[in-house]
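Structural features, examined
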Amino acid sequence: MSRVYNFSAGPAVLPEEVLREAAEEMLDYRGTGMSVMEMSHRSKAYETIIKEAEADLRELMNIPDNYKVLFLQGGASQQFAMIPMNLMKNKVADYIVTGQWAKKAYQEACIYGKANKIASSEDKTFSYIPDCSDLPVSEDADYVYICENNTIYGTKYKTLPNTKGKPLVADVSSCFLSEPVDVSKYGVIYGGVQKNIGPAGVVIVIIREDLITEDVLPGTPTMLKYKIHADNASLYNTPPAYGIYVCGKVFKWLKAKGGLAAMKEYNEKKAKVLYDYLDESMLFKEDRSLMNVPFVTGNEELDAKFVKEAAAAGFVNLKGHRTVGGMRASIYNAMPIEGVEKLVAFMKEFEKQNV
Ligand SMILES: *Cc1c(COP(=O)(O)O)cnc(C)c1O
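Here we summarise the structure given alongside this text. (Residues numbered from 1 in each chain as written. Predicted model: local features only at pLDDT ≥ 70, side-chain atom pairs only at ≥ 80, totals over all residues. Heavy atoms only, no water.)

**Re the packing of helix H3 (residues 75-87) against helix H4 (residues 100-112)**
Applicable threshold: Angular values range over 0 to 180 degrees, each being the angle between N-to-C directions of two axes fitted as lines to C-alpha atoms, with helices fitted over their stretch in contact. What counts as a helix is a DSSP run of H or I of at least four residues, what counts as a strand is a run of E of at least two, and both are numbered from the N terminus. With respect to orientation, any angle under 35 degrees is reported as roughly parallel, any angle over 145 as roughly antiparallel, any angle of 65 to 115 as roughly perpendicular, and every other angle as oblique. The hand of a helix crossing depends on one turn: near helix anticlockwise from the far one by less than a right angle means left-handed, and clockwise means right-handed. Two residues qualify as a contact provided that any one of their heavy atoms is within 4.5 Å of a heavy atom in the partner residue.
Put simply, H3 and H4 touch, their axes get as near as 9 Å, and they point 40° apart. Between H3 and H4, the interaxial angle falls into the category oblique. When you trace H3 past H4, the crossing you get is right-handed. Contacts between H3 and H4 pair Ser 77, Phe 80, Ala 81, Pro 84 and Met 85 from the former with Trp 101, Lys 104, Ala 105, Glu 108, Ala 109 and Tyr 112 from the latter.

**A word on the site of the ligand**
Filter applied, for reference: Any residue with a heavy atom lying within 4 Å of a molecule or strand is counted as near it. Polar contact is defined as a pair of N or O atoms within 3.5 Å, subject to the rule that within protein one atom must be able to donate a hydrogen and the other to accept it, and that residues adjacent in sequence are counted only when both atoms are side-chain atoms. For every accessible area listed, the method is Shrake-Rupley and the probe measures 1.4 Å; residues are considered covered only by the protein chains on display.
Taken together, the residues surrounding the ligand are Gly 75, Ala 76, Ser 77, Trp 101, Cys 147, Asn 149, Thr 151, Asp 171, Ser 173, Gln 194 and Lys 195. In the model, an oxygen atom of the ligand is placed 3.0 Å from a nitrogen or oxygen of the Ala 76 main chain. The side chain of Thr 151 places a nitrogen or oxygen atom 2.4 Å from an oxygen atom of the ligand. Computed on the free molecule, the ligand has an accessible area of 390 Å², of which 86% lies beneath the protein chains in the complex. Considering every element that reaches the shell around the ligand, the biggest residue donor is H3, with three residues.

**A word on the side chain of Asp 94**
Defined as follows: Only protein chains enter the area calculation, which uses a 1.4 Å probe; residues under 20% of their type maximum are buried, those over 50% are exposed, and those in between are partly exposed. In this charge count, Lys and Arg are treated as positive and Asp and Glu as negative; neither His nor the chain ends contribute. Any Lys or Arg side-chain nitrogen located within 4 Å of an Asp or Glu carboxyl oxygen qualifies as a salt bridge.
Locating Asp 94 in the fold gives a position in strand S3 (residues 92-97). Within the buried core, Asp 94 has no salt-bridge partner, and the shortest N-O distance to an opposite charge, that of Lys 114, equals 6.9 Å. Once residues within four sequence positions are removed from consideration, Asp 94 is found in contact with Asn 116, Ile 118, Pro 136, Val 137, Ser 138, Ala 141, Tyr 143, Val 144 and Tyr 145.

**Quick word on the environment of Ile 49**
With respect to the element layout, Ile 49 can be found in helix H2 (residues 44-61). For the pair Ile 49 and Tyr 245, spaced 196 residues apart in sequence, the C-alpha separation works out to 6.2 Å.

**Re the packing of aromatic side chains**
Note the threshold: Between rings of Phe, Tyr and Trp, where Trp is taken as its six-membered ring, a pair exists when centres lie within 6.5 Å; planes separated by under 30 degrees are stacked, by over 60 edge-to-face, and by other angles tilted.
Here the structure, examined in full by the defined rule, presents 12 aromatic pairs. Relative to Tyr 143, the ring of Tyr 95 lies with its centre 5.9 Å away and its plane at 70°, an arrangement referred to as edge-to-face. Of this pair, Tyr 95 sits in strand S3 while Tyr 143 sits in the loop between strand S4 (114-120) and strand S5 (144-147), and the two are 48 residues apart along the sequence. Considered together, Tyr 95 and Tyr 143 belong to a single accessibility category, that of buried residues. Taking 5.2 Å as the distance between ring centres and 55° as the angle between the ring planes, the aromatic pair formed by Phe 126 and Tyr 153 counts as tilted. Of the two residues, Phe 126 is situated in the loop between S4 and S5 and Tyr 153 in the loop between strand S6 (149-150) and strand S7 (155-156); the sequence distance between them amounts to 27 residues.

Set out below in C-alpha coordinates:
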(Lines give C-alpha, C1' and ligand atoms only; values in the text may rest on other atoms or scores of the structure.)
Protein backbone atom coordinates (compact mmCIF):
# COMPACT_ATOMS: atom_id res chain seq x y z
CA MET A 1 0.00 0.00 0.00
CA SER A 2 1.25 3.45 -0.77
CA ARG A 3 -0.53 6.66 0.07
CA VAL A 4 0.09 9.91 -1.79
CA TYR A 5 0.01 13.45 -0.47
CA ASN A 6 -3.44 14.42 -1.71
CA PHE A 7 -3.86 18.18 -2.12
CA SER A 8 -7.36 17.90 -3.61
CA ALA A 9 -9.86 20.66 -2.86
CA GLY A 10 -12.55 18.06 -2.28
CA PRO A 11 -13.33 15.29 -1.76
CA ALA A 12 -10.13 15.63 0.17
CA VAL A 13 -7.62 13.99 2.47
CA LEU A 14 -8.95 12.37 5.65
CA PRO A 15 -6.95 11.45 8.75
CA GLU A 16 -5.22 8.13 8.22
CA GLU A 17 -6.10 7.04 11.76
CA VAL A 18 -9.79 7.53 10.96
CA LEU A 19 -9.58 5.52 7.75
CA ARG A 20 -7.77 2.68 9.54
CA GLU A 21 -10.34 2.59 12.32
CA ALA A 22 -13.20 2.55 9.82
CA ALA A 23 -11.44 -0.28 7.97
CA GLU A 24 -11.07 -2.28 11.18
CA GLU A 25 -14.76 -1.87 11.91
CA MET A 26 -15.88 -2.55 8.36
CA LEU A 27 -17.10 -6.14 8.73
CA ASP A 28 -18.12 -6.13 12.37
CA TYR A 29 -18.91 -2.82 14.03
CA ARG A 30 -18.19 -3.35 17.72
CA GLY A 31 -19.75 -6.77 18.06
CA THR A 32 -22.90 -6.04 16.06
CA GLY A 33 -21.73 -8.51 13.38
CA MET A 34 -22.37 -6.01 10.63
CA SER A 35 -20.95 -2.93 8.99
CA VAL A 36 -22.39 0.51 9.84
CA MET A 37 -23.39 0.53 6.16
CA GLU A 38 -25.69 -2.42 6.75
CA MET A 39 -27.22 -1.19 9.97
CA SER A 40 -30.71 0.20 10.60
CA HIS A 41 -30.57 3.90 11.22
CA ARG A 42 -33.14 3.24 13.99
CA SER A 43 -30.88 0.75 15.78
CA LYS A 44 -29.41 1.36 19.22
CA ALA A 45 -25.88 1.20 17.81
CA TYR A 46 -26.62 3.83 15.18
CA GLU A 47 -28.45 6.06 17.62
CA THR A 48 -25.28 6.15 19.70
CA ILE A 49 -23.17 6.98 16.62
CA ILE A 50 -25.26 9.97 15.52
CA LYS A 51 -25.83 11.26 19.06
CA GLU A 52 -22.12 11.10 19.86
CA ALA A 53 -21.28 12.80 16.57
CA GLU A 54 -23.57 15.68 17.42
CA ALA A 55 -22.32 15.93 21.02
CA ASP A 56 -18.68 15.94 19.88
CA LEU A 57 -19.36 18.59 17.25
CA ARG A 58 -21.17 20.72 19.83
CA GLU A 59 -18.18 20.43 22.14
CA LEU A 60 -15.63 21.20 19.41
CA MET A 61 -17.44 24.30 18.17
CA ASN A 62 -18.89 25.27 21.52
CA ILE A 63 -22.35 25.42 19.92
CA PRO A 64 -24.90 27.25 22.11
CA ASP A 65 -28.03 25.34 23.20
CA ASN A 66 -30.32 27.49 21.08
CA TYR A 67 -28.78 26.12 17.89
CA LYS A 68 -29.77 22.87 16.19
CA VAL A 69 -27.24 20.64 14.45
CA LEU A 70 -28.64 18.92 11.35
CA PHE A 71 -26.94 16.18 9.33
CA LEU A 72 -28.53 16.44 5.88
CA GLN A 73 -27.98 15.30 2.31
CA GLY A 74 -27.62 17.02 -1.03
CA GLY A 75 -24.24 18.60 -0.43
CA ALA A 76 -23.59 22.27 0.13
CA SER A 77 -25.36 23.08 -3.14
CA GLN A 78 -28.71 21.86 -1.85
CA GLN A 79 -28.50 24.58 0.78
CA PHE A 80 -28.36 27.24 -1.95
CA ALA A 81 -32.11 26.58 -2.36
CA MET A 82 -32.99 25.38 1.12
CA ILE A 83 -31.79 28.61 2.72
CA PRO A 84 -34.05 30.98 0.74
CA MET A 85 -36.98 28.52 0.84
CA ASN A 86 -36.87 28.44 4.63
CA LEU A 87 -35.58 31.87 5.58
CA MET A 88 -36.98 34.31 3.01
CA LYS A 89 -40.05 35.39 4.98
CA ASN A 90 -40.00 38.86 3.41
CA LYS A 91 -38.68 37.39 0.17
CA VAL A 92 -35.61 39.60 0.43
CA ALA A 93 -32.01 38.60 1.11
CA ASP A 94 -28.60 40.24 0.69
CA TYR A 95 -25.66 38.39 -0.82
CA ILE A 96 -21.95 39.20 -0.75
CA VAL A 97 -20.46 37.57 -3.82
CA THR A 98 -16.79 36.63 -3.37
CA GLY A 99 -16.50 33.63 -5.65
CA GLN A 100 -18.28 31.02 -7.70
CA TRP A 101 -19.94 29.32 -4.75
CA ALA A 102 -21.40 32.55 -3.40
CA LYS A 103 -22.48 33.46 -6.91
CA LYS A 104 -24.27 30.16 -7.35
CA ALA A 105 -26.04 30.64 -4.03
CA TYR A 106 -27.03 34.16 -5.09
CA GLN A 107 -28.36 32.95 -8.45
CA GLU A 108 -30.38 30.22 -6.76
CA ALA A 109 -31.90 32.70 -4.29
CA CYS A 110 -33.01 34.86 -7.24
CA ILE A 111 -35.44 32.06 -8.12
CA TYR A 112 -37.26 32.42 -4.81
CA GLY A 113 -37.30 36.13 -4.04
CA LYS A 114 -35.45 39.40 -4.29
CA ALA A 115 -31.78 38.62 -3.80
CA ASN A 116 -29.58 41.72 -3.66
CA LYS A 117 -25.89 41.58 -4.45
CA ILE A 118 -24.71 44.16 -1.89
CA ALA A 119 -20.99 43.60 -2.53
CA SER A 120 -18.86 41.63 -4.95
CA SER A 121 -15.24 41.07 -5.85
CA GLU A 122 -16.00 39.79 -9.33
CA ASP A 123 -14.38 42.93 -10.84
CA LYS A 124 -10.98 41.45 -9.97
CA THR A 125 -11.81 37.78 -10.59
CA PHE A 126 -12.66 37.26 -6.92
CA SER A 127 -9.09 37.85 -5.79
CA TYR A 128 -10.05 39.75 -2.62
CA ILE A 129 -12.71 40.15 0.08
CA PRO A 130 -14.55 43.49 -0.13
CA ASP A 131 -14.77 45.83 2.86
CA CYS A 132 -17.95 44.69 4.60
CA SER A 133 -17.97 47.08 7.55
CA ASP A 134 -20.74 49.36 6.28
CA LEU A 135 -22.65 47.77 3.42
CA PRO A 136 -26.11 48.88 2.27
CA VAL A 137 -27.92 46.03 4.06
CA SER A 138 -31.59 46.03 3.02
CA GLU A 139 -34.06 47.20 5.62
CA ASP A 140 -36.25 44.12 5.10
CA ALA A 141 -33.52 41.56 4.37
CA ASP A 142 -34.25 38.19 5.92
CA TYR A 143 -30.54 37.43 6.11
CA VAL A 144 -27.08 38.36 4.79
CA TYR A 145 -25.23 35.57 2.99
CA ILE A 146 -21.50 34.91 2.66
CA CYS A 147 -19.15 32.15 1.58
CA GLU A 148 -16.55 32.42 4.32
CA ASN A 149 -13.62 30.64 2.67
CA ASN A 150 -13.46 30.78 -1.10
CA THR A 151 -12.18 27.37 -2.08
CA ILE A 152 -11.33 28.25 -5.67
CA TYR A 153 -9.58 31.58 -5.06
CA GLY A 154 -7.97 30.98 -1.68
CA THR A 155 -9.48 33.99 0.02
CA LYS A 156 -11.04 34.11 3.48
CA TYR A 157 -12.91 36.69 5.54
CA LYS A 158 -10.67 37.91 8.35
CA THR A 159 -13.61 39.68 10.00
CA LEU A 160 -17.26 38.88 9.51
CA PRO A 161 -19.44 41.45 7.72
CA ASN A 162 -21.47 43.97 9.66
CA THR A 163 -24.96 42.66 8.91
CA LYS A 164 -26.68 45.50 10.80
CA GLY A 165 -28.64 43.09 12.93
CA LYS A 166 -29.72 40.71 10.19
CA PRO A 167 -28.92 37.00 10.61
CA LEU A 168 -25.64 36.00 8.97
CA VAL A 169 -25.76 32.84 6.84
CA ALA A 170 -22.34 31.36 6.02
CA ASP A 171 -21.13 28.59 3.75
CA VAL A 172 -18.05 27.27 5.55
CA SER A 173 -17.57 24.13 3.45
CA SER A 174 -13.85 24.62 2.95
CA CYS A 175 -12.93 26.01 6.39
CA PHE A 176 -15.22 23.92 8.60
CA LEU A 177 -13.46 23.04 11.89
CA SER A 178 -10.16 24.54 10.74
CA GLU A 179 -10.19 27.09 13.57
CA PRO A 180 -12.42 28.18 16.48
CA VAL A 181 -15.57 30.14 15.59
CA ASP A 182 -18.09 32.09 17.61
CA VAL A 183 -21.28 30.33 16.53
CA SER A 184 -23.45 32.97 18.21
CA LYS A 185 -22.43 35.47 15.51
CA TYR A 186 -24.26 33.44 12.87
CA GLY A 187 -27.86 32.57 12.10
CA VAL A 188 -26.81 29.60 9.99
CA ILE A 189 -23.41 27.95 9.48
CA TYR A 190 -23.33 25.14 6.99
CA GLY A 191 -20.93 23.13 4.91
CA GLY A 192 -20.55 20.08 2.75
CA VAL A 193 -18.29 17.77 4.73
CA GLN A 194 -16.12 16.46 1.89
CA LYS A 195 -13.61 19.31 2.20
CA ASN A 196 -12.49 19.03 5.77
CA ILE A 197 -14.60 16.51 7.68
CA GLY A 198 -15.75 13.37 5.93
CA PRO A 199 -17.10 11.60 2.85
CA ALA A 200 -19.21 13.49 0.30
CA GLY A 201 -22.95 13.21 0.68
CA VAL A 202 -23.35 14.84 4.08
CA VAL A 203 -23.97 18.51 4.68
CA ILE A 204 -23.98 19.83 8.24
CA VAL A 205 -26.29 22.74 9.05
CA ILE A 206 -25.96 24.58 12.36
CA ILE A 207 -28.99 26.83 12.68
CA ARG A 208 -30.38 29.14 15.36
CA GLU A 209 -33.69 27.77 16.61
CA ASP A 210 -35.76 30.88 15.99
CA LEU A 211 -34.95 30.61 12.26
CA ILE A 212 -36.57 27.16 12.11
CA THR A 213 -40.29 27.69 11.49
CA GLU A 214 -43.31 26.29 9.65
CA ASP A 215 -43.46 29.55 7.73
CA VAL A 216 -41.58 28.55 4.58
CA LEU A 217 -42.12 29.47 0.93
CA PRO A 218 -45.19 27.80 -0.61
CA GLY A 219 -44.24 24.64 -2.46
CA THR A 220 -41.19 23.87 -0.32
CA PRO A 221 -40.77 20.07 -0.41
CA THR A 222 -41.01 18.32 2.95
CA MET A 223 -37.44 17.08 2.63
CA LEU A 224 -36.21 20.66 2.22
CA LYS A 225 -37.78 21.99 5.43
CA TYR A 226 -35.36 22.56 8.28
CA LYS A 227 -38.22 22.01 10.74
CA ILE A 228 -38.85 18.43 9.63
CA HIS A 229 -35.22 17.51 10.12
CA ALA A 230 -34.89 19.44 13.38
CA ASP A 231 -38.04 17.85 14.85
CA ASN A 232 -36.75 14.41 13.92
CA ALA A 233 -33.13 14.88 15.06
CA SER A 234 -31.85 14.33 11.47
CA LEU A 235 -33.66 10.96 11.32
CA TYR A 236 -36.82 11.93 9.43
CA ASN A 237 -35.75 9.56 6.68
CA THR A 238 -32.66 7.42 6.26
CA PRO A 239 -29.72 9.78 6.74
CA PRO A 240 -26.34 9.40 4.97
CA ALA A 241 -25.56 7.00 7.78
CA TYR A 242 -22.07 5.83 6.92
CA GLY A 243 -20.91 9.35 6.09
CA ILE A 244 -22.12 10.64 9.46
CA TYR A 245 -20.28 7.77 11.15
CA VAL A 246 -16.99 8.83 9.50
CA CYS A 247 -17.64 12.50 10.39
CA GLY A 248 -18.10 11.35 14.00
CA LYS A 249 -14.68 9.69 13.91
CA VAL A 250 -13.12 12.87 12.54
CA PHE A 251 -14.70 14.85 15.41
CA LYS A 252 -13.08 12.46 17.89
CA TRP A 253 -9.76 12.76 16.03
CA LEU A 254 -9.99 16.56 16.28
CA LYS A 255 -10.77 16.38 20.00
CA ALA A 256 -7.76 14.11 20.54
CA LYS A 257 -5.61 16.64 18.64
CA GLY A 258 -6.59 19.31 21.14
CA GLY A 259 -9.64 20.80 19.45
CA LEU A 260 -10.00 23.71 17.09
CA ALA A 261 -7.53 26.10 18.75
CA ALA A 262 -4.79 23.49 18.38
CA MET A 263 -5.93 22.78 14.83
CA LYS A 264 -5.74 26.47 13.96
CA GLU A 265 -2.19 26.66 15.29
CA TYR A 266 -1.21 23.61 13.23
CA ASN A 267 -2.94 24.94 10.11
CA GLU A 268 -1.18 28.30 10.46
CA LYS A 269 2.17 26.61 10.81
CA LYS A 270 1.43 24.48 7.77
CA ALA A 271 0.20 27.34 5.58
CA LYS A 272 3.23 29.44 6.60
CA VAL A 273 5.62 26.85 5.19
CA LEU A 274 3.96 27.24 1.81
CA TYR A 275 3.28 30.98 1.85
CA ASP A 276 6.81 31.81 3.04
CA TYR A 277 8.18 29.97 0.08
CA LEU A 278 5.65 31.46 -2.37
CA ASP A 279 6.45 34.96 -1.12
CA GLU A 280 10.06 34.63 -2.14
CA SER A 281 9.25 33.08 -5.48
CA MET A 282 5.87 33.48 -7.15
CA LEU A 283 2.59 34.53 -5.57
CA PHE A 284 1.07 37.61 -3.97
CA LYS A 285 -2.41 37.50 -2.50
CA GLU A 286 -4.43 39.12 0.25
CA ASP A 287 -7.15 37.69 2.56
CA ARG A 288 -5.23 34.47 2.45
CA SER A 289 -6.94 31.23 3.24
CA LEU A 290 -5.32 28.70 5.56
CA MET A 291 -7.03 25.94 3.63
CA ASN A 292 -6.68 26.57 -0.13
CA VAL A 293 -3.51 28.06 -1.59
CA PRO A 294 -3.54 28.91 -5.31
CA PHE A 295 -0.29 29.70 -7.09
CA VAL A 296 1.13 30.00 -10.61
CA THR A 297 4.46 30.02 -12.39
CA GLY A 298 3.24 32.66 -14.85
CA ASN A 299 3.59 30.23 -17.73
CA GLU A 300 0.82 27.78 -18.56
CA GLU A 301 3.10 25.15 -20.04
CA LEU A 302 5.32 25.27 -17.00
CA ASP A 303 2.24 24.99 -14.77
CA ALA A 304 1.19 21.84 -16.59
CA LYS A 305 4.71 20.42 -16.35
CA PHE A 306 4.75 21.12 -12.63
CA VAL A 307 1.39 19.43 -12.00
CA LYS A 308 2.51 16.37 -13.94
CA GLU A 309 5.92 16.03 -12.31
CA ALA A 310 4.48 16.67 -8.85
CA ALA A 311 1.92 13.89 -9.33
CA ALA A 312 4.65 11.51 -10.42
CA ALA A 313 6.48 12.36 -7.21
CA GLY A 314 3.40 11.60 -5.07
CA PHE A 315 1.89 15.09 -4.69
CA VAL A 316 -1.48 14.74 -6.36
CA ASN A 317 -4.44 16.96 -7.27
CA LEU A 318 -2.43 20.19 -7.43
CA LYS A 319 -4.10 21.42 -10.60
CA GLY A 320 -6.00 24.69 -10.05
CA HIS A 321 -9.74 24.97 -10.59
CA ARG A 322 -10.63 24.74 -14.28
CA THR A 323 -11.86 28.34 -14.31
CA VAL A 324 -8.72 29.75 -12.73
CA GLY A 325 -5.88 27.59 -14.03
CA GLY A 326 -2.48 27.39 -12.38
CA MET A 327 -2.10 25.32 -9.25
CA ARG A 328 -3.90 25.01 -5.95
CA ALA A 329 -2.75 23.17 -2.85
CA SER A 330 -5.61 22.42 -0.50
CA ILE A 331 -4.10 21.84 2.92
CA TYR A 332 -7.04 20.82 5.09
CA ASN A 333 -6.84 19.64 8.71
CA ALA A 334 -5.81 16.11 7.81
CA MET A 335 -2.87 17.13 5.57
CA PRO A 336 0.25 16.49 7.67
CA ILE A 337 2.84 19.28 7.83
CA GLU A 338 5.36 16.82 6.36
CA GLY A 339 3.26 16.79 3.20
CA VAL A 340 3.62 20.56 2.86
CA GLU A 341 7.32 20.55 3.74
CA LYS A 342 8.00 17.88 1.15
CA LEU A 343 5.92 19.75 -1.42
CA VAL A 344 7.93 22.92 -0.83
CA ALA A 345 11.18 20.97 -1.17
CA PHE A 346 9.87 19.58 -4.45
CA MET A 347 8.87 23.08 -5.62
CA LYS A 348 12.33 24.46 -4.79
CA GLU A 349 13.93 21.71 -6.81
CA PHE A 350 11.49 22.31 -9.68
CA GLU A 351 12.23 26.01 -9.61
CA LYS A 352 15.98 25.32 -9.75
CA GLN A 353 15.53 23.10 -12.80
CA ASN A 354 13.14 25.40 -14.65
CA VAL A 355 14.34 28.98 -14.37
C1 LIG B 1 -17.21 22.49 -2.67
C2 LIG B 1 -17.99 23.65 -2.23
C3 LIG B 1 -19.39 23.73 -2.45
C4 LIG B 1 -20.16 22.66 -3.20
O5 LIG B 1 -20.30 21.53 -2.42
P6 LIG B 1 -21.21 20.31 -2.90
O7 LIG B 1 -21.28 19.48 -1.65
O8 LIG B 1 -20.52 19.65 -4.04
O9 LIG B 1 -22.54 20.85 -3.28
C10 LIG B 1 -20.05 24.83 -1.96
N11 LIG B 1 -19.42 25.80 -1.31
C12 LIG B 1 -18.08 25.76 -1.08
C13 LIG B 1 -17.42 26.88 -0.34
C14 LIG B 1 -17.33 24.68 -1.53
O15 LIG B 1 -16.01 24.66 -1.31
